[in-house]
Amino acid sequence: MEGAQAGYSRRYQYRAGGDVEAITQWFTHEHVMLILSVTWSLYVVIVGVWILLQRRAPVATLSWLLSMAVLPVAGIGIYYFLGPRRLKRQRLRRLRSRRRSRVRASIARLKEKVPAAPERLHQVVKLVTASTNFPVSTADKVELLVGGAATFDSIMHAVREAKDHIHLEYYIFEPDETGLRLIALLCQKAREGVTVRLLVDALGSKRLSRKYYAALEAAGGEFALFHPTKFGRRVRPVINFRTHRKIVVIDGAIGYTGGVNITDEEDKRILQDAYHDVHVRLEGPVVNWLQTVFLEDWSYALDYNRKNEPADFNALLPDLPDGNQVVQIMASGPDSSMEAIHRVHVSAIHAAHKRLWLTTPYFVPTEAAMLALTNAALRGVDVCLLVPEKSDSRVVTAAARSYFDELITCGVKVFEYHRSMLHSKTMVVDDMVGIIGTANFDNRSFRLNYEVCAVVYGEAFAAKLEQQFVEDLKHARRVGYARPQSFWQRLGDSAARLMSPLL
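Along each chain, the written sequence defines residue order, and numbers are assigned to residues from 1. It should be noted that, the model being predicted, local features are given only for residues of pLDDT at least 70 and side-chain atom pairs only at 80 or more, the latter also being counted only at that level, while totals for whole chains, interfaces and linings use all residues. Only hydrogens and water are set aside when side-chain values are computed; all heavy atoms of the structure are taken into account.

Considering the pairing of strand β4 (residues 195–201)
Right, on to step 1. The cut-offs for exposure are 20% and 50% of the maximum accessible area for each residue type, with area from a 1.4 Å probe on protein chains only; residues under the lower value are buried, those over the upper are exposed, and the others partly exposed. Runs of H or I in DSSP of at least four residues are treated as helices and runs of E of at least two as strands, each being numbered from the N terminus. In terms of burial, β4 is largely enclosed, as six of its seven residues are buried.
Right, on to step 2. Of the pairings in the sheet, the one linking strand β3 (residues 165–170) to β4 comprises six bridges and is parallel in character. Directly across from H165, in β4, lies its bridge partner T195.
Right, on to step 3. As a crossover connection, the stretch from β3 through helix α8 (residues 177–191) into β4 is right-handed.
Right, on to step 4. Pairing between strands is defined by DSSP: at least two bridges between them are needed. By the bridge criterion, five bridges tie β4 to strand β5 (residues 222–226) in an arrangement that is parallel. Paired with L198 across the strands is F223, a residue of β5. Assignment of crossover handedness uses the view with strands pointing away from the viewer, where a clockwise path from the first strand over the helix to the second indicates a right-handed crossover.

Shown next, in the form of structure tokens:
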């Protein structure tokens, strides 16, 4: 009996063991692959629908679809933190209402100030107005500031003379000699009773820790970070979408913008190889619109609502008499699908009849911008591009050089500035338009960053930018077609070009 039971037990164990082994083999070799295939297919479908509903450019959409399909786990993380998206911002309603009341009065100023302006110039004005909702305005003074030293001296002087408020917004604000000197001055003005508001980008100014701006807050000043890179009130931190703007507004009457950040790297008195850069100082009604950009960024950074908007708009946006120079402020960012600065640059290139001179530290053009530049050269416009010989990004430098042969073939004159790092961002169109601001000629400025530019109409300012361009060419070398490059250099340039949408 015991032998029979033992035999039965051995047979049961054998069958059970065999069944388990068979099930394991069957599950491992067939169904795991089937389950993985079905899971991967469902993942691709779900993620594909998610990405398609973003309605991005076909090339960008296909690139993200391919990346997510090849890297199903890592791809989700990359898309979650770095993927394209639109940001929504509450607008300051009373500020918008006040602005609209001035639009009708200012829209006729271009014809009054520049009655002989060609129709293509009026079309540029209309495009800026339609894409930014900022009308044409005027300025008493438009001063070109060359170099960080001249820019810092001018800003420091204006800050010392401030009576009501001082507003500053910067991408890079370093706690170095220049930055700490400015913070000390801001603290002094705050103690005198002047309203001081400082807004900096959390990523660009990451070295400006609390120990540096605590003194400003203790003196009565206000401080805010734009898009902190840590988890906070947002579901995910904002890695892209930085404020690349450089704005100073003094008493609503004096404004500054351009390429100069608050850092020793911009001042040749401190560093011999400091960046070569330009800035613009504005006086007059146009400063209202630069102020508008700052106020909306400030309110967004602090999550203001209607109840705690800045109260005294009369002091922030004073009524100022018209000046003699016609100027428009244009701003763009990922909270709008208009891509205003991108549109205006491309439109201005198309409007050029005689010359189109472009200076930019980062040249990674979109297809539309590249086509506009080459078309202008092919139709006989004097198209000149000035870029740094070596920028502070090897990838961007390599990507830029991948476009040179095509540009040169079409007649564009390409120059590389070799004296130091070129950081100026300007465009001159014939003798009628001068653009200066914070935007580089690349995808990141056109589509990912918050940027601001001043568009100055008329010969006076265009002549100043032309003169500076000619001066800069004295320290530049012209790039020739089919310049000698090794195989690895050409391969590196071509590989860097693939990253153009993110540069």
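Okay, back to it.
Here we look at a nonpolar patch on the surface
Right, on to step 1. A cluster of nonpolar side chains, contributed by L34, V38, L42 and I46, occupies part of the molecular surface with about 390 Å² of accessible area.
Right, on to step 2. Here L42 lies in helix α1 (residues 2–52). Residues with no salt bridge and a relative accessible area higher than 30% make up the patches, which join like charges within 9 Å and nonpolar side chains (Val, Leu, Ile, Met, Phe, Trp, Tyr) within 5 Å. Here, Shrake-Rupley sampling with a 1.4 Å probe gives the accessible areas, and only protein chains in the shown set may cover a residue. Every case where a carboxyl oxygen of Asp or Glu lies within 4 Å of a side-chain nitrogen of Lys or Arg is listed as a salt bridge.

Points about the packing of helix α12 (residues 340–351) against helix α13 (residues 367–378)
Right, on to step 1. A fitted line through C-alpha atoms represents every axis, and for helices the fit uses only the stretch in contact; the resulting angles, taken between N-to-C directions, go from 0 to 180 degrees. Closest axis-to-axis distance for the α12/α13 pair is 9 Å, and the angle between their directions is 15 degrees. On the basis of their axis angle, the class for α12 and α13 is roughly parallel. Where α12 crosses over α13, the two elements pack in a sense that is left-handed. For the pair formed by α12 and α13, the contact residues are H342, V346, I349 and H350 on the first element and A368, A369, A372, L373 and A376 on the second. Each angle is binned into one of four classes, with values under 35 degrees roughly parallel, values over 145 roughly antiparallel, values of 65 to 115 roughly perpendicular, and all other values oblique. By definition, any crossing whose near helix is turned counterclockwise from its far helix by less than a right angle is left-handed, and any crossing with a clockwise turn is right-handed. Contact criterion: two residues are considered in contact whenever any of their non-hydrogen atoms come within 4.5 Å of each other.

Section: the pairing of strand β17 (residues 451–457)
Right, on to step 1. When you tally the buried positions in β17, you get seven out of seven residues, the bulk of the element.
Right, on to step 2. Taking every second residue as pointing to the same face, both faces of β17 are buried, with E451, C453, V455 and Y457 on one and V452, A454 and V456 on the other.
Right, on to step 3. Both strand β9 (residues 325–332) and β17 contribute to a ladder of seven bridges, which runs antiparallel. Note on β17: the bridge partner recorded for A331 is V452.
Right, on to step 4. In the sheet, strand β15 (residues 433–437) pairs with β17 via five bridges, with the strands oriented antiparallel. Pairing of V433 across the sheet is with Y457, part of β17.

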